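In case you want the letters, here they are:
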Amino acid sequence: SALPGDLLEMELFGHEKGAFTGSVYRRRGKFEQAAGGTLVLDEIGDMEPPTQAKLLRVLEERKVERLGGGESFPLDVRLLACSSQSLVQRVHNGEFLQDLYYRLKEVHLNIPPLRERKEDIPVLADYFLSLYNQQYHKNIKGLSDAALQFLLRHDWPGNVRELHHVVKCAVLMNDGSELVWLEHIPLDIHLSE
């Protein structure tokens, strides 16, 4: 969602040398790079309509062609499309192609926001704590009871990404204590309470 249509197309489909001003080499797109694997398209609901149409064509033909190229490559990728928006509502509003919606909706998973599954918070916090203990060479054993209770009370408007950020900051702010204390939790979380 952070890329404008032209850049997104270049990222997804790649380009040939000379396809546009400044393209001095051939570049494989994400579809080619993910051949035989899985490609995740995050926040697909933000994709611009012209790019949606090109993606629909690729999915229907099961072939991808680099920008500025004439050669097609068979599509051998499992596609996961994610959106925090209701794609049904975006289709209804004329902002998302109905055909693309149905093409993507072979298997639908609805994952509730973190605020609706608070039982996942301790597990996710422990995972992120372990990850950043290793990355930053720390030896934090866990969260204090007060810190955990605070995390459980928070509404998590940023979902798992926000929890990820909070735990990372808490690890960085930890001065060598064996536990993450409430004072290690970033100030912006406290202000939102």
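Residues numbered from 1 in each chain as written. Predicted model: local features only at pLDDT ≥ 70, side-chain atom pairs only at ≥ 80, totals over all residues. Heavy atoms only, no water.

Draft legend 1. Quick peek at the overall build of the protein. Check the secondary structure of the protein and you find nine helices and eight strands. In terms of overall size, the protein is more extended than a compact globule, its C-alpha atoms giving a radius of gyration of 21 Å where 193 residues would be expected to give roughly 16 Å. By principal-axis analysis of the C-alpha atoms, the protein measures approximately 60 × 40 × 30 Å. Here the protein holds 193 residues, and the buried ones make up 36% of them. Contacts in the protein between residues far apart in sequence, at least 24 positions, make up 65% of those at least 6 positions apart. When the accessible surface of the protein is summed, it comes to about 11,900 Å², and 52% of that surface belongs to carbon and sulfur atoms. (Helix = DSSP H or I, 4+ residues; strand = E, 2+ residues; numbered from the N terminus. Rg over C-alpha atoms; globule rule 2.2 N^0.38 Å. Buried < 20%, exposed > 50% of the residue type's maximum accessible area, 1.4 Å probe, protein only. Contact = heavy atoms within 4.5 Å. Areas by Shrake-Rupley, 256 points an atom, 1.4 Å probe, with all protein chains shown as cover.)

Draft legend 2. Main features of the packing of helix 6 (residues 121-135) against helix 8 (residues 159-173). It is the contact of helix 6 with helix 8, at a shortest axis distance of 9 Å, that shows an interaxial angle of 45°. Here helix 6 lies oblique to helix 8, going by the angle between them. You can see that helix 6 and helix 8 cross each other, and the crossing is right-handed. Contacts between helix 6 and helix 8 involve Ile121, Leu124, Ala125, Phe128, Leu129, Leu131, Tyr132 and Asn133 from the former and Val160, Leu163, His164, Val167, Lys168 and Val171 from the latter. Looking at the contact of helix 6 with helix 8 residue by residue, the classes come out as eleven nonpolar, two polar and one charged. (Axes fitted to C-alpha atoms, helices over the stretch in contact; angles between N-to-C directions. Parallel < 35°, antiparallel > 145°, perpendicular 65-115°, else oblique. Left-handed = near helix turned anticlockwise from the far one by under 90°. Nonpolar A, V, L, I, M, F, W, Y, C, P; charged D, E, K, R; others polar.)

Draft legend 3. Quick look at a nonpolar patch on the surface. Judged by side-chain polarity, Val107, Leu109 and Ile111 come together as a nonpolar surface patch covering roughly 380 Å² of accessible area. With respect to the helices and strands, the residue isoleucine 111 is situated in the loop between helix 5 (98-104) and helix 6. (Patch = residues over 30% accessible without salt bridge, like charges linked within 9 Å, V, L, I, M, F, W, Y side chains within 5 Å. Salt bridge = Lys/Arg side-chain N within 4 Å of Asp/Glu carboxyl O.)

Draft legend 4. Structural context of helix 7 (residues 145-153). Buried within helix 7 we find Ala147, Phe150 and Leu151. End-on, the buried residues of helix 7 take up no more than an arc of 100°, which puts them together on one face. In helix 7, the exposed positions angled more than 90 degrees off the buried face are occupied by Asp145 and Arg153. (Arc of directions from axis to C-beta.)

Draft legend 5. Molecular detail of the side chain of serine 144. Along the polypeptide, serine 144 turns up in the loop between strand 7 (142-143) and helix 7. Serine 144 sits in the buried class, given a relative accessible area of 3%. Apart from residues lying up to four places away in sequence, serine 144 is in contact with Leu179, Val180, Trp181 and Leu182.

Draft legend 6. Fine view of the pattern of salt bridges. Tallying each qualifying case throughout the model produces eleven salt bridges. Because the salt bridges share partners, they merge into one network encompassing Glu16, Arg26, Glu32 and Arg66.

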